[in-house]
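Here are the chains, one letter per residue:
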Amino acid sequence: MGSSFQALIWASMLIICGTGASAKEVNGSRTYTYGIDLCDSPIPDPCSPGGKWDPLVKKCRGVRSDSCYQCYSGEFCKDVVTLKDCLLKSSFGDPVVLAEYWTSGLSHIPCLLTPANYRPAYQFEAIPSMENAIKQLHKTVGNAETEGYTIVYGVGSTHVLFITIAVLSQNILDKCVKAKRTDCPFAVDVFVQSPYYFGYVSIVNMIKTAKWNPQANTTSEFTIEIVTHPNNPTGELRKPLVQDGSHVIYDMVYYWPMYTNASVKMSEDIMIFSSSKECGLGGTRFGWGLFKDASLASKTPAVVESTIMSVPEDSILRAYNSISQIINETPSSVTGMLPYHQFGREKIFSAFSRLSDAMKDCKGMDIQLMNDITHSPGAYAWLKCASGVHCADEVKRLAGIEGSPGMTYGAINEYMRLSMFMPSVEMDIMIKKFTSLCQ
């Protein structure tokens, strides 16, 4: 990796995000004083287990609020709300349980200092160190081929998918026009096998050269298929219906050891990943795509520039710092996994196992867990209730758990989705709620 870039990372072991920085000479060395030290949190955390201390606001916080984790309250999040009185929301896709690795004692917290004068201009070229880190990550895990691929960056995998659909659909239409054909459509059909991630619909609808069509002709040369591998929300490993591999986009944000047995090295034409589901950095907004077709990849910078100008340096630096920490640790001599992935796998696979046990032969309602919890559970629990029952409404009424209805994912409402990578304390509460319902 680039020595100067790496030196910036490892020599800067404090995340400092503030204003009013000043510098002074001390014994010939230049030292800095900053407004906010985001790594300077008290140990042990005074908000644990019901929250996390936030040095920025100097108070306890939950996942995305200025209060506590769900079902906890009080200034230091020590008060537990009873199961009956607490409504647990499990519809979000934040992989925050993975962040617990950095406070588990298994590794030090990767922290980053970004000086105000570092790369202040818009950056349009890929950082070699980031590219090398991504390649090393995939090589170590063994989940995707990178040799011969061009890496495309975006503000999260959602943006990378937008970029990909935009250039691929335009490329398909350009080839048709160039051939002087008279049957060229105005837009290319895009579809996903049901059930699917609901966000795909809005992404496709923002692109003029593409249109969402769940009934698209899978044999048409004017059809693009998105394959979520493993699937959100079911966790299954699917095969595409479209035979032309160059027209298939593999959304592989969950193809990591935490969510599935990611032992097959994939070498599809287009594969998309994100720091959110791999590193647990949803708020960082950094994703990447592996493009086998270099000429297609060469068309992506124009879309990036027209939408966001360039990927923020701070997002790249934070993702790079975390990925570097992950790949520089020693793999397990037993499983061969990196410690971070081993930690995440134990958390998520265990959560599925506990949920399955809690729901077994449920007496409170007719409900089933549909995931393959042994090989590929994925990141979400896909539940099925009795025929004619609105599953999400019934689980909310009987168990006090709020999930997402099946219709959101192109399925019927006898199904529902629950997140399985919420904070451990919230997962414990969800298991207790199902245990109480089903026993």
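Use the structure listed above.
Residues numbered from 1 in each chain as written. Predicted model: local features only at pLDDT ≥ 70, side-chain atom pairs only at ≥ 80, totals over all residues. Heavy atoms only, no water.

K.L.:
Where do I start with the packing of helix α9 (residues 339-359) against helix α11 (residues 424-438) in this structure?
P.N.:
For any two helices packed against each other, the geometry comes down to the angle between their axes and how far apart the axes lie. In the contact formed by α9 and α11, the axes pass within 8 Å of each other and the chain directions differ by 15°. When the interaxial angle is binned, α9 and α11 end up roughly parallel. Crossing of α9 against α11: the hand is right-handed. On α11, the residues touching Lys347, Ala351, Arg354, Leu355, Ala358 and Met359 of α9 are Ser424, Met427, Asp428, Ile431, Phe434, Thr435 and Cys438. Class assignment of the residues belonging to the contact of α9 with α11 gives a composition of eight nonpolar, two polar and three charged. (Axes fitted to C-alpha atoms, helices over the stretch in contact; angles between N-to-C directions. Helix = DSSP H or I, 4+ residues; strand = E, 2+ residues; numbered from the N terminus. Parallel < 35°, antiparallel > 145°, perpendicular 65-115°, else oblique. Left-handed = near helix turned anticlockwise from the far one by under 90°. Contact = heavy atoms within 4.5 Å. Nonpolar A, V, L, I, M, F, W, Y, C, P; charged D, E, K, R; others polar.)

K.L.:
Help me understand the sheet that holds strand β8 (residues 150-154) in this model?
P.N.:
Working definition: the strands of a sheet are paired by backbone hydrogen bonds and lie parallel or antiparallel to each other. The mixed open sheet is built from seven strands, whose spatial order is β8-β14-β13-β12-β11-β9-β10. Looking along the sheet, the strands with just one partner apiece sit at the ends: β8 and β10 (210-212). On average, each strand axis in the sheet is tilted by 25° relative to the strand beside it, whichever way the strands run. Pairing between strand β9 (residues 188-191) and strand β11 (residues 223-228): three bridges, direction parallel. Paired with Asp189 across the strands is Thr223, a residue of β11. Docked against the sheet, helix α3 (residues 156-178) engages β8, β9, β10, β11, β12 (248-251), β13 (270-274) and β14 (287-291), running at close to 160° with respect to β13. (Pairing = 2+ DSSP bridges.)

K.L.:
Please explain the nonpolar core as it appears in this structure.
P.N.:
Soluble, globular proteins show a tendency: their nonpolar side chains are buried together. Trp288, Ile367 and Phe434 are the most contacted members of the largest nonpolar core, which has 89 residues in total. Leave out the neighbours within four places in its chain, and Ile367 touches Met359, Cys362, Leu383, Lys384, Cys385, Cys391, Val395 and Phe434. With 33 residues, the next largest nonpolar core counts Phe162, Val188, Ile207 and Ile226 among its residues. (Core = buried A, V, L, I, M, F, W, Y, C linked by side-chain atoms within 4.5 Å. Buried < 20%, exposed > 50% of the residue type's maximum accessible area, 1.4 Å probe, protein only.)

K.L.:
Would you explain the environment of Ile207 in this entry?
P.N.:
Note that Ile207 resides in the loop between α4 (199-205) and β10. With a relative accessible area of 6%, Ile207 lands in the buried category. Setting aside anything within four residues of it in sequence, one finds Ile207 in contact with Phe162, Ile165, Ala166 and Ser169.

K.L.:
Looking at this model, I keep getting lost on the packing of aromatic side chains. Mind explaining?
P.N.:
Here the distance between the centres and the angle between the planes together describe a pair of aromatic rings. Tallied over the full model, the rule gives 18 aromatic pairs. Between Tyr153 and Phe286, the aromatic rings sit 5.4 Å apart at their centres with planes inclined by 40°, giving tilted as the arrangement. With a gap of 133 residues between them, Tyr153 in strand β8 and Phe286 in the loop between α5 (275-279) and β14 connect regions that are remote in the sequence. Accessibility assignment for this pair places Tyr153 and Phe286 in one class, buried. An aromatic cluster is built from Tyr197, Phe198, Tyr200, Trp382, Tyr409 and Tyr415, whose rings are joined through pairwise contacts. The ring of Tyr415 carries the charged tip of Lys384 above its face, separated from the ring centre by 5.7 Å. One Lys or Arg, Arg417, reaches over the ring of Tyr380 and ends 3.7 Å from the middle of that ring. (Phe/Tyr/Trp six-rings, centres within 6.5 Å; stacked < 30°, edge-to-face > 60°. Lys NZ or Arg CZ within 6 Å of the ring centre and 35° of its normal.)

K.L.:
Hey, could you run me through helix α2 (residues 128-141) in this one?
P.N.:
The α-helix advances 3.6 residues per turn, and as a result positions three or four apart in sequence lie on the same side. The end-to-end C-alpha distance of α2, which contains 14 residues, comes to 20 Å, matching closely the 20 Å that a straight helix rising 1.5 Å per residue would cover. Those residues of α2 not exposed but buried are Ser129, Met130, Ala133, Ile134, Leu137, His138 and Val141. For α2, the arc enclosing every buried residue in end-on projection is 165°, short of the 170-degree limit, so these residues lie on one face. Exposed positions of α2 whose direction lies more than 90 degrees from the buried face are Pro128 and Lys139. Just past α2, the residue Gly142 takes up positive phi, approximately 80°. (Expected span 1.5 Å × (residues − 1). Arc of directions from axis to C-beta.)

K.L.:
Looking at this structure, I do not really get the side chain of Ser404. What am I missing?
P.N.:
Relative to the helices and strands, Ser404 is located in strand β18 (residues 404-405). Using a relative accessible area of 10% as the deciding quantity, one classes Ser404 as buried. Once residues within four sequence positions are removed from consideration, Ser404 is found in contact with Ser91, Ala392, Tyr409, Met416 and Arg417.

K.L.:
Explain the state of the cysteines to me, please; I cannot follow it from the model alone.
P.N.:
Counted under the stated rule, the structure contains six disulfides. Residue pairing for Cys71: its cysteine sulfur links by disulfide to Cys86, the two sulfurs lying 1.6 Å apart. Handedness of the Cys71-Cys86 disulfide follows from its S-S torsion of about -65°: it is left-handed. Of this pair, Cys71 sits in the loop between β4 (59-61) and β5 (72-73) while Cys86 sits in the loop between β6 (79-80) and β7 (88-89), and the two are 15 residues apart along the sequence. Here Cys362 engages in a disulfide with Cys438; their sulfurs sit 2.2 Å apart. Looking along the S-S bond of the Cys362-Cys438 disulfide, the torsion reads about -80°, which is the left-handed sense. (Disulfide = S-S within 2.5 Å.)

K.L.:
Hey, could you run me through the sheet that holds strand β16 (residues 380-385) in this one?
P.N.:
The four strands lie next to each other as β15-β16-β19-β18, forming an open sheet whose pairing is antiparallel. Either end of the sheet is taken by a strand with one partner, and the two such strands are β15 (367-369) and β18. Helix α10 (residues 391-399) contacts β15, β16, β18 and β19 (415-419) of the sheet and is inclined by roughly 55° relative to β19. Set on the sheet, α11 makes contact with β15, β16 and β19; between it and β19 the angle comes to about 145°.

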